[in-house]
Structure formats: structure tokens, C-alpha cells
Amino acid sequence: MSKAVLVDLTRCVGCRSCQVACKAWNDNPGEDTECSGSYGNPPHLSGDTWTLIKFDEVQDARGKLHWVFTKQQCMHCEHPACVSACPVSALHKRDDGPVVYDAEKCIGCRYCMMACPFHIPKIHWDRALPLIKKCTFCADRIDEGLEPACVKACPTDALVFGERDELIADAEARIRARPTEYVNHVFGQHEAGGTSWMYLSPVDFDQLWFPQSDELGTDPIPALSEAVAEVGTPSMLAGVAALLAGIYWATKRRQEAGAQPPAAEPEEG
Amino acid sequence: MDLTRRDFLKLSGAGASLLLLPYGLPAGRLANRFPLHKPVGETPTTCCFCGVGCGAIVAAQGDRVVNVEGDPEHPVNQGSLCSKGMGLAQLNTVDGKVNPSRLQKVKYRAAGSSQWEEKSWDWAIDEIAKRLKDTRDGNWVSEDTDGHTVNRTEAIAALGSVFINSEEAYALTKLVRALGIVWNENESRICVTSTVTAGSESVGRGPMTNHWIDLRNSDCIMTIGSNAAETFPISFNWITDAVEQGATLISVDPRFTRTSAKADLHLPIRTGTDVALVGGMINYVLENELYHREYVAEYTNASFLIDPGFGFEDGLFTGYDAATGSYDRSTWQYQPDEQGLPMRDDTLQDPNCVFQLLKAHFSRYDPETVCSVTGAPMDTFLSACQAFGATGARGKAGAILCSSGSAQHTQGTQNARSYYILQLLLGNIGVAGGGVNGIAGASNGLGCTLQGRLFHVLPGDLPMPASGDESLEAYLDRVTAPPSQMENTISPWTSRPKYIVSLLKAWYGDAAAERNGFGWEFLPKLGGNYSFVNLFEAMDAGTIKGLLCWGMNPAVSGPNSGMVREALGKLDWAVVVDLCETETADLWKAPGTTPSDSQTEVFLLPAAASLEKEGSLMSSARWMQWRYQAVDPPGEAQSDLWIVDQLVRKLKSLYGADGGPNAQAITELAWDYGDPPDAHRVAQEMNGYDLTTGELLPGLAGLKEDGTTSCGNWLWCGSYTEAGNMMARRDNTDQSGIGLFSDWAWAFPCNRRIMYNRASVDLQGNPWNPDKPVISWDEQSESWAGDVPDGGSPPGKAYPFIMKPHGRALLFGAGLVDGPLPEHYEPWESPVRNPMTSVQSDPLLKTWGAVKGEPDNYPILATTSRLVEHMHGGGMTRNMPYSVEMMPDMFIEMSEELAEAEGVVSGDRVVVESPRGQIEAVAVVTKRLRPFSIDGQVVHEISMPWHWGYAGLSPGDSANCLTARVADSNTMIPEYRAFLVRITKGGAR
């Protein structure tokens, strides 16, 4: 049985308790941020921020204004590209849902970052031996029969944890019960071959942080990334240490100069 | 299938046993299985931020907090928390160490010095006690100029708090009053006093009539002056459920907020026009006969006849005296019959009956006028009227949620009065899913304030003795109403002698006896209005020389903060008790201040956070909940109770040795809480004892006026009995079926969960809504089933509003000084002329010589607001890295139209100016604000949070540098929410 989370954006009030719950449970520090003209902060996922709420002001087809609060984190794909791309099996998809990571195996090649269709895995750029960081689905909590920290924290049950097939049925029932409140689509049911985190939305998903549906498709991504990994692995291993040292040096220099570490995704609108 | 978190918790069996898993279990790491890397939590606490009162569980390892999460057994939050609450651990622990912002030693800043010095507690308590004694004794007033004994000092002020435990606030009040201090105020003065006063006038009490869980019982919820999704996010646990079941959510707000984002209807109105809007809804309800006829006729004063001399013309009620700027209210009274009782017309047709006067008054609030004044779109306004008006049907319920957004206006009291009138017409008070829920913003706003943390009251909201109350008898004559002669009414306040005598026995023990009026001389007597703004005027004038500032940050929260900071700088000494260094403690570092010019001595005392001590607090929904200590305070920080205890001990020894004016008020003060002081013993004193048997009183009925009972706070009587600490109860089963959870904690009053619940039934005792009965009369057992009723007499034998003289709620009332009915006036600063009458703003509003901005120079209307990520003056959250990370900077929100006109884009820095000062902020340009069209004129409105100041991890300019010292005439609550500014792009930073 595979665990999943249904995110019902019509219920989210954007309080960001999920964002803090993730940091608090995982002992991640707060980042230095600045207001750039939006409520959202930090601006992007990072080694210290594994989930965050995006704030989007969106007008729907009828001209009605929505302020949509969209949670972003690892989607825990059913067929994760990151797992297939990892040359040393540091990433692993568990039967019960979480895509988990073994830091002891990781060589820091960042293939997972490049493979992920959702641009989720991040790396601690400012550390000499950087590790990949992303949402763990709170696998430790799940193993103890607890909900993920973010799900438990949610005041409005906008996040629901359960069995994937039951959540899909629940999502479809919600759309049927209140068809004017939702777009008729369960994001993640089929995208990228299906994900463990799925969403219901009051507005078109293309208006939110998600990759455009046409570029994402419904086929599992690993078919593509596995090919990359097979070709890339032997030659890559030798150069990885030098590559990482270079990135570390460059990042340090950039930070000392006051610039931001490289962002792996476009600025939020 | 609709899976929810609650179901999951049930299904998975993740009850207490799993949640309390200690660190390291299960041992060993299986393949791809992960042991919990830290414990989840074991010590129950109540969140210290807002007034929802969420339960949390705390895990500690050694001296550090390693986890805090929502308490899954708590009926209100059911395991969830908002972002502030989820960051609660950071008050104690950041990145595994003590939060570096926390004070761990006593700090002292000498007059003129530019640095703090670390000091010992012994030194600080000695020095502070000396200053208290010197300042008090040197500025003692035994008799006032009228020759009345007043036993007070006007040279010391006490401020705060709304965050300390109720027991601590009670102990602080004892200390303050024993010292003869009359300048005694906390944040509730400037936060919600107007809503509370409107409640007292309309229905008898001021707090939320209903409670958080009850919101799910509603058919229509209107938030007005409250952005509840932002400021009380857990309320949306229940509002969202109601909406999914078909309820309509109406969000009235100048901005499209987090609340509006979830609403069916966002009804934008220009700030300061609530009376116009709700007056329009009242008119709609009356015109379309949507009101609850039976409820209105029986349970309100609709049928009472008013003096035929009463009238209203061009913005003024009868009796206005322009020379004094006040009303003679003699024509606002009932027509008496030969027995002196109000005359009535049960047909509601008499032109002088309240119902007809109400109709006539609000007939002017037609939809065209309302939309022209408020700027609301007509179609949305009418939809809102229809949806909310539909709750006037028998069995339907509509709830109003309001908070400081409507309270902080020169019309603050009348704003809330209009909500009560609407709700009374619709029969929505007393029923499940109804009510006027005036939300107290802070975690213990109610609990602290009801301990007498306002100048005009003693614990239990008993009126403070005043000059002329020469004896206890004279005082009781003044404050005790004569029994009503009207049939089937219970007279309020006839029991006050029992309450005050029992209070004096709790405070002065054997020294309070019949022969000395139970120690009447010990209490100070008021000689005027000592409210918040007056207090800072007196400080500025040099009358007040010393300040005790307890967990409050007026340098950020006071109106016209620049003037507050100046006044603070004129003190001889200030004691600031807080978790971190606040702007108020840093008064000598305020922008523009040279430390060497600042001659104020500052004692900065390190206080324990909520997780580091034990005691109770009262949620906005009136639940008293006990919380436990999870860790020790860091360094030398101590609980507020310990600090008060130390000061009292030292003062007792000083006055015992050296004497002083009215020294017995201090030496005889009953003070026996153990060493260190035990919060349980304070709580027991508040509950009260039968002094004959020595047993804790079981409830109010046991109180006596002969000195044989003690009770520190009659509202707490029944909260801690021989049966145990009722506030600590954790039975989360709901017997009621409507979510009362009556065995969880304890509620004021008398564990009643929905106030005025006798109005939820008809005169025969049958619930208006049999599906959601709050109470119902059981003929067989001849008793009430359900919630604790407002008085136990049988149906028809008592009218429901037992705190009002005739048992009826007031649609029309003579108790407010500025009008028996609400009337629209413009805010003190407004971009438009009052479109309704020639009276521009409330004729009784108070100004203290404030300089008024005119629209020619300051064309933009501004309001202030709060964020979920920060709390009030920011003293806590601006020292919590998670909150600072999410909301790092002071900003203003402005419409795309205004931004274009000013050449500003999102992220630019802007300067905002009012006649009081100027601030810099980041511009957030948004579709969520739109220009208003008012009477044909375009009005731009901006909004800004008020959390920032010059201290903490995230310094920024304070919105209140722009707000003015003008206030509502009934309560002196300042008009924070409407003022004029101008904006320019740029700024120095």
C-alpha cells in the first residue's frame, strides 16, 4: 500500500505552518531573507528549506480574483527520475511512498537535481561536502504511524495523508460534490507517471508553480533519465570530486561578494 | 470517502502512546526504515500567541526544547498549529541552543549611559523596591482637593500584559493596587475595549458570545474587522468545515485578505465605514422583514417606549451640547409607567417604541447611500445582505467575527453596537452557530484583563473605587443596581457586595474585617480617567516618574509611537520585564535619541517564556486552560510570578521597617504562595475559600458578603475546587453533539460555553433549532439539558439577558455617551466629506491636540493590519528566526492603480508620511487592493502591518509612527485603523 498526500488548495489559508513544521521537525535553520514585494519567503526551496508556500494572485476565467497558496515540496513520484538518475542508489523509492535518501552513499553528483521534472532536490552549496536535501516525506514519522509533520500541522486539513488510491477517490468525490470550486483535475494522479503528492485547485494548474502540463506529460520520466545515467556514470565518477570543489569555491566567493547562490528555477511571478 | 486528519489519527491509533515516543525508539535501523530522530512531545501547553488557545505538546531534552507540535487531543486545534505556533520552540531553543535573543541576566542601563550592565537579581529587586517606595511615598496623595481620602500615587504607572498567566496578572494587580497605583493599563485598552463595551451595553457581557468550534454550526459567517485566517488561523479549521457544508463566508475588508481568499463573498469597504455598511444590512433586514419576530419582541427592548422628546437630526441625537461637546442623555430613556417600569407596545407599532425608532433611523441607510459611502459594489452588498439576512429564519444561524480591525476606530464601540443590533434582529445571539464574536487578540488578553489590568476595574471587572467612595457602603451604593421590579427578570449586580468583600478578604485576610470596611482604606481611589493615551500624556508632562512595564511594548504599539518614545525618555526610571530586549527597553536607543541625553534608568528583567512555567490562561472563547512547565527558563530568567513575589517580599520588608503612607496596604497584603511561589496556590486564592471550613468554594453560589468567604476573582470561582483544578481537565468527549466540549478545561462564566443560551429557546424552552440545541427544557426532570443555562429558572420565568436590567438585550440603549444608536461618521482623518450628514466625525471623539492631516496634503487613506507570522509589537516573533525568515521586512500593500500613479513597482522602497511622522517600507503592489469610488471621488487606500520596530532580529519602521492620538469617546481606544498619508518612492535605506 502506498501512502500519499492530497493537497486541497481550496482549503489552504496560506498560514505556512507546514513550512515551519518542516523546518522544526527536521531541525533546519531559518534563512536570511528579504521582502521582495510578495508574501512568499524564502523565495525558493533550498538545502535548508524543503517545503514552502507560493503566493499567486490569479484571475480565473470569470475574472474572479483568487489568492492561491500552493505548497511546494518533493512530489515523491511513483517512478522517480531522481532515483533512476542516481548512479550510486543513494535515492530510493519505498513501496509505501516516500522517496528517501542515504547520505552515506551520495557522491554529490547532482544528477538527481538535473533529472527532477519539478526542480525539487537542492544541495547545500555553501558546504565543502554538500549533500542533497529535499522533503523526506517524514519517513521516520510514517514508520511510527505518525503523519508527516506538515500534514499534522495544517489547521484546515488542506493536507490529507492516506492511501493513494483512497485519496484519488476522495479527490474525485470532492470535485463531484463542489464542481464550481475546483478545476476538474487531480494533479499528480497521472503527471510524470503519477506522484505521491497530489493537488486539487480552484484555478488552472498552469497558473501555479507546477511545470506546464504539456512539458510534464503522463509518462514516467525515468525512462529518459535512466539513459542519461547509464552513459554518464563511469566517466562522471572520476571528475566528481573536482567538480564539487569547484562549485564550493565558486559559491563561497559569490556569497562573500554578497550574491545569492544559483537558483535552479525561475523567479516567482 | 472524505478522509481527514482526525480520521487518520483515529484509524492509525496514533493516540497518546505513539505521540509520546521517546527518542531512540525503536532501536536499530532497518533497511529503509527510520527511527524517530527525536521525541514528539510529552508536556501539554497552550500556545502563547493568539486568542484561539490551541493545545500543543512539548518535547525537551535536557534544558532545550527539541520539538513542539499541536496536541492531537485538543478539541479546538486537533493537532494542528499555525506558523507562529509551530515555531513556539524557538522562544526557548534555536538551532539546538538557547535562543540568543533571550535575556538570561538582569540588565541595567544607568541614566545617560550608552550600554547595558549585567546585574544580579538581589541587586535589581533591592533597587527597584527602593525606587518604588521613594517615588510612591514622595508623590503620595492621601486626600484629593475635594477632601476625599484617595490613598493613591500618580507618579508610577503599570503597563501590561496580555501574555502572562492569569495567576501572574492577578498577583501583579495585587502589587499594583497595594502600592496605590492608578495608572494601570494593558494592551486590551488599545485593542478591543470598544467591542467589549458594546457587548456590555447590548447584551451584558463583552467577550466572544460563542466559541471556536461552534463556528462549524453556522449557516453564514461574516468576518468584519477581522482577518481571521491571518490572525486566528485555527478558526478556519471550523469555518472551512462550515463552508464545505454549505455555509456562506462573507469577508468584509478593504483588502482582499487571506480570509477573503477563502470567502464566498469579498465585500470591500473603505476603512472606517462599518456603521454605514452594517446600518445598510440592518435596514435591509427591517425593510424585507427578515428579522426573527418572536425573538425581537420577547428578548430585546424592541417593544419598550422611549421618551417622546427623543429625536435625531442631521447627525446629532437630542441633547447635544456644543459647548461641552457632550450629550444630555435624559431623552434617551424609557417612558416609565406608574410603577416606574418601561412602558411597552407588544405590537411594535407605537412610533416611540424602540423598533419603530430603529426602523426610522436606519431607513436612511438605503443601498445606494451605503455603497456610495463605503465604496462597496452594489451587487456584492446585496448578495451579502441576502445571505446574512437569511439567518433571521427560525432554526438558522449567522455568526459575526470581529476584532481590532473594527474596534480601533473613533467609532469602535458603535461599530460593534451595529453588529449586535443586526444579530439581535436576526435572533442570532445565544444560538449555536451565531453570536458576535469579538476576538481578543492575545493568548491571555481576556484572562489578564479580567484580573484588573485596566485602570477602571478590580479583578472580576468590579468597578474600581473612586474619589467619593468614602466607605465600602458608599461604593456599594454606587455600583450595586437596585433589584428590578419587572416580572421574570434577574437583576444583575445585586451580588456585588459578595464579590467585593470576598476579594478584600482574599487580599487582606484577617486585616480585612467589618470594623474597617474590610480594608477599604487600603485600596486607592480613582480621580479621573487613567487610560492609555492619558497615561502617556501624563508621562510626557512629567507627572509619571516611574514605570513598571510588564510584557508590553508601547514603543511599537502606542498610537503616535514617536510621542510614546519621547514620553518614555522623560521617566526617571523604567522597569521592563520581557523575554527579549524590546523597543521599550531600548527607549534610549530610539532613532533620533542620543543615549547621553536620555536620563531614564532602565531595569530590564529576564522573564520566563510560556513553556518555562506553569499556570492558566483564558482563550478568546473564554476557556481557562492550564499549561505546564516543559523546561527551565534559560540562564537567570524567572517567571513573572517569581518576579512579582520578590518585589512584594522586598516591599513588605521595607515598609515593615521604615513605614510610609498607607503602609498597611502593603504590610498587611495577604501573600502566601510559597517560595518559590506556586501558581496553584494563586489559582486557589482566585477561586476562593469558605473561611469557616477552610475548603475551596465549589462555585459562585457559596460567596458571602459577611467576610466568611474569600475569593480573589469571582469570575474564577468554581475553576479550582475541592474536586481539583477544573482548568486542567482534558476530557475531550463531546456530550452535546454541537461541540461544546464542556468537560475540557473550564469556561467563564460558570463553565457556560455559549453565552445568553436562554435566547436559543422559545418561551416554552424549545430550541429554535431542534437539530442544534444549546439548551432545552426537560419537562420530566424539570431541568435544563445541554449547556450551563444563563440562570436555571424554568422557561418563561427569566428573560435571557440576565446581565441587563430587564432581561432584554438593548437594540436602543442610553449607556454609551455618543448615541443610543450607531450613526455613520467619518474617521477623524478622512479623504471625503461625510456624505450622510453635516457632522463630519463623531462629535464626542477625543483628541489630545493631535495635528490633523488634510486630504490636500495627505490624499491617501491608510490602515494597519496584522500578519500570521508575527504577534503584535513583535517582541516575541521578531526574535524567532522562523517568523523572521517568512516575514523579514516592514512593508506596505498598495493597489496596482496607486503604484502606477506613484511610479512604484513591487519591491521598491517607499516613504510614507503623516503629520505624526514618516516611515520607510517595501512596496507590495497587489491586485488585492483596489481604489474605491466614494460619492463619485476616487479614494486610494493602503495597508501596512504594525509589527516592526528598531529592536530584534528584524528591525523596521513602526506603522504607529504614523497613527494619531485620537480615540473613541466611550473607551479611549485609539483610531489606529484609519488615517491619512502621502507616499513617495525612495528612501534612505
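Since we're looking at a predicted model, the values are computed, not measured.

### A closer look at the overall build of chain B
Broken down by element type, chain B carries 27 helices and 44 strands. C-alpha extents for chain B along the principal axes are approximately 75 × 75 × 75 Å. Buried residues in chain B amount to 63% of all 989 residues. Here the contacts in chain B between residues at least 6 apart in sequence split such that 73% fall between residues at least 24 apart.

### Brief notes about the domain arrangement of chain B
You can read the domains of chain B as domain 1 (5-98), domain 2 (121-191 + 450-483 + 503-627 + 635-673), domain 3 (193-303 + 344-439) and domain 4 (846-985). With eight residues of domain 1 of chain B at the contact, the number on the domain 4 of chain B side is 10 residues.

### Some words on unusual backbone geometry
Cis geometry marks the peptide bond from N41(A) to P42(A); its omega dihedral reads -10°. Position of P42(A) relative to the elements: it lies in the loop between α1 (17-25) and β2 (52-59). Of note, the phi angle at Y756(B) is positive, near 60°, even though the residue is not glycine. Mapped onto the elements, Y756(B) comes out in the loop between β32 (746-747) and β33 (775-778). By C-beta crowding, Y756(B) is classed as buried, having 27 other C-beta atoms within 10 Å.

### Points about the sheet that holds strand β3 (residues 64-70) of chain B
Residue and element names in this part refer to chain B. Overall, antiparallel pairing links the three strands, which are arranged β1-β2-β3 in an open sheet. Only two strands of the sheet have a single partner each, and these edge strands are β1 (43-46) and β3. Pairs of neighbouring strands in the sheet enclose a mean axial angle of 35°, with direction left out of account. Sheet topology places strand β2 (residues 55-61) next to β3; six bridges connect them, and they run antiparallel. For I57, the partnering residue across the bridge sits in β3 and is E69.

### Overview of the packing of helix α4 (residues 121-138) of chain B against helix α23 (residues 640-658) of chain B
To describe two helices that pack against each other, one gives the angle between their axes and the distance between the axes. All names here are of chain B. Close contact between α4 and α23 brings their axes to 9 Å; oriented N to C, the two are set at 60°. Classified by the interaxial angle, the pair formed by α4 and α23 is oblique. The hand of the α4/α23 crossing is right-handed. Contacts between α4 and α23 involve I125, D126, I128, A129, L132 and K133 from the first element and Q646, L647, K650, L651 and L654 from the second. Residue composition of the contact of α4 with α23, grouped by class: seven nonpolar, one polar and three charged.

### Observations concerning the sheet that holds strand β13 (residues 265-267) of chain B
All names here are of chain B. As summarised here, the arrangement of the five strands in space is β13-β12-β11-β18-β19, forming an open sheet in which the pairing is parallel. The sheet terminates laterally at β13 and β19 (436-438), the two strands that pair on one side only. The sheet shows a mean angle of 15° between the axes of neighbouring strands, taken without regard to direction. Strand direction decides the pairing type here: strand β11 (residues 220-224) and strand β18 (residues 398-402), joined by four bridges, are parallel. Across the sheet, the residue bridging to T223 is L401, located in β18. The sheet contacts of helix α16 (residues 412-425) involve β18 and β19, and relative to β19 the element is tilted by about 155°.

Conventions adopted
Residues numbered from 1 in each chain as written. Chains lettered and ligands numbered in written order. Predicted model: local features only at pLDDT ≥ 70, side-chain atom pairs only at ≥ 80, totals over all residues. Helix = DSSP H or I, 4+ residues; strand = E, 2+ residues; numbered from the N terminus. Buried ≥ 20, exposed ≤ 12 C-beta atoms within 10 Å, placed from the backbone. Contact = placed C-beta atoms within 7 Å. Domains from an automatic or database assignment. Pairing = 2+ DSSP bridges. Axes fitted to C-alpha atoms, helices over the stretch in contact; angles between N-to-C directions. Parallel < 35°, antiparallel > 145°, perpendicular 65-115°, else oblique. Left-handed = near helix turned anticlockwise from the far one by under 90°. Nonpolar A, V, L, I, M, F, W, Y, C, P; charged D, E, K, R; others polar.

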